[in-house]
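Secondary and tertiary structure notes
Residue strings, one per chain:
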Amino acid sequence: MPDIYPSFYHEFRCIANRCEDSCCKDWDIDLDSETEAFYRTVQGPLGDKMRAFAVTDEYGERVFPATEGRCPFWNKDMLCDIFIGVGEEHLSKTCADFPRVAVNYDDFCEHILSFACPEAARFMLRHSREAYADFGGEQELHTCENSDDFMSFLLKARERTLDLLLDDREPFAIRLADCLEFNAQVQSLLRGEEPSPLCLDNTESSGDSFIFDMHLRFEIMSDAWKSALEETVRHAELLNVRADFACDFEKFALYYVYRYYLEAIHSGDVLYSIQRIVCAYIVTGKMDALFAAKDYPYPRMRILQRYSKEVEHSYDNTEALNAAFDTDKRFTAENLMALLENSI
Ligand code: SF4
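Residues numbered from 1 in each chain as written. Predicted model: local features only at pLDDT ≥ 70, side-chain atom pairs only at ≥ 80, totals over all residues. Heavy atoms only, no water.

1. So, the overall build of the protein
- Of the regular secondary structure elements, the protein holds 16 helices and six strands.
- On the principal axes, the C-alpha backbone points of the protein span a range of 70 × 55 × 35 Å.
- With 344 residues in all, the protein has 52% of them scored as buried.
- Sequence-distant contacts in the protein: of pairs separated by 6 or more residues, those separated by 24 or more amount to 73%.
- For the protein, the computed accessible surface area is about 16,500 Å², with 48% contributed by carbon and sulfur atoms.
- One way to put it: in the protein the 35 positive side-chain charges average out to a point 6 Å from where the 64 negative ones average out. (Helix = DSSP H or I, 4+ residues; strand = E, 2+ residues; numbered from the N terminus. Buried < 20%, exposed > 50% of the residue type's maximum accessible area, 1.4 Å probe, protein only. Contact = heavy atoms within 4.5 Å. Areas by Shrake-Rupley, 256 points an atom, 1.4 Å probe, with all protein chains shown as cover. Lys, Arg positive; Asp, Glu negative; His and termini not counted. Charge placed at Lys NZ, Arg CZ, Asp CG, Glu CD.)

Dropping the structure here:
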């Protein structure tokens, strides 16, 4: 089975206690069964603490829950007591892998770094599409054409989506609108319907406040993110996404399409990932405009990285967005398209 990587993947190194937003912060730490079985055998105070902290979470998974917003084994020097006490080889799979993500599609496996890690986010903001040259290439197409027509259809639709997204002859909002329209047509094909241009005549809303309202209702982990979001909401009507924001956001969108578009192989829905990118663009773009006026007390990279951590990496928040796309007319492709076109 081919393994596909972006060119920078193997250069990544965790910067540990120099990290401005550690993966040991805010999240519960998943415990795979092999790791937990080893932790049951560890003697002394460290072993006692491992056994005392391991619990089953609301999804039935074994975890070390975040305690006062941090992993209970992340010490005051911002180093890991488990790494120090029993060695790197006994970190849980989640800790050992993050921010490396492997998405296995049976015929091939795509590897990517998560934008929720600041150091990985810096890597991705430095690299353009060329870094993903092996994705969707001959190797993947050849492998899946032999076994699964739907996957080769999705790979080609993903390539077309990326061509539209990265066509810098257009303003970024228009490129996003084009991606919505193209994928609405792909979605019609998947439903067995004749694709037709989207009609924007009867769209539901002229503003984007419903997107901010939704994000305010989300489960939020960080107080800094919450107050940044609340301040953005207070000024949202007066804020416009800056033209230079597109240069960085398109890297986030590129990552997002590579990470999520092919989920349609299971969900049958190619629009979800594009609708989520549009919501991310509006929220982070306006937050960026707010902070640009204050000389970036919260840098642009951190805005995108934190969005990834707060929204993209939250199962509940992502599900809430997907549910809104299914049931709330303000989130339809037509309405989001009208919103983007009116923002120019
Ligand atoms: S978020 Fe990334 S750089 Fe920071 S501690 Fe985790 S893996 Fe290392």
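2. A short note on the environment of Ala-253
- With respect to the element layout, Ala-253 can be found in helix α11 (residues 245-260).
- Separated by 24 residues in the primary sequence, Ala-253 and Ile-277 place their C-alpha atoms 6.4 Å from one another.

3. Quick look at the layout of surface pockets
- Here the second largest pocket is characterised by a volume of approximately 600 Å³.
- Lining the second largest pocket are 29 residues, with Asn-240, Val-241, Lys-286, Ser-343 and Ile-344 sitting closest to its centre.
- Contributions of two or more residues to the lining of the second largest pocket are made by α8 (172-190), α9 (209-217), α11, α13 (271-292) and α16 (333-342).
- Class assignment for the residues of the lining of the second largest pocket results in 16 nonpolar, six polar and seven charged. (1 Å grid on protein atoms, 1.4 Å probe; cavity = no way out; pocket = protein on both sides within 12 Å on 5 of 7 lines; lining within 4 Å. Points joined across faces, edges and corners; volume = space filled by probe spheres on them. Nonpolar A, V, L, I, M, F, W, Y, C, P; charged D, E, K, R; others polar.)

4. Examining the pairing of strand β6 (residues 109-113)
- The buried count for β6 comes to five of five residues, which makes it a mostly enclosed element.
- Here β6 shows no split at all, with Cys-109, His-111 and Leu-113 on one side and Glu-110 and Ile-112 on the other all buried.
- With two bridges joining them, strand β1 (residues 3-4) and β6 adopt parallel strand pairing. Within the sheet, the bridge partner assigned to Ile-4 lies in β6 and is Glu-110. (Pairing = 2+ DSSP bridges.)

5. Notes on the pairing of strand β5 (residues 100-104)
- Only one face of β5 is buried, namely the one carrying Val-101 and Val-103, since none of Arg-100, Ala-102 and Asn-104 on the opposite face is buried.
- Pairing between β5 and β6: five bridges, direction antiparallel. Note on β6: the bridge partner recorded for Arg-100 is Leu-113.

6. Brief notes about the sheet that holds strand β3 (residues 55-56)
- Reading across from one edge, β2-β4-β3 is the order of the three strands in this open sheet, with antiparallel pairing throughout. In the strand order of this sheet, the two ends are held by β2 (29-30) and β3, each with one partner.
- Pairing of β2 with strand β4 (residues 62-64) involves two bridges; the strand directions are antiparallel. Its bridge partner being in β4, Ile-29 is matched across the sheet by Phe-64.

7. Side note on the side chain of Ser-92
- Mapped onto the secondary structure, Ser-92 falls in the loop between α3 (81-86) and α4 (93-97).
- One polar contact links the side chain of Ser-92 to the main-chain carbonyl oxygen of Asp-30, over a distance of 3.1 Å. (Polar contact = N/O pair within 3.5 Å; in protein donor to acceptor, adjacent residues only side chain to side chain.)

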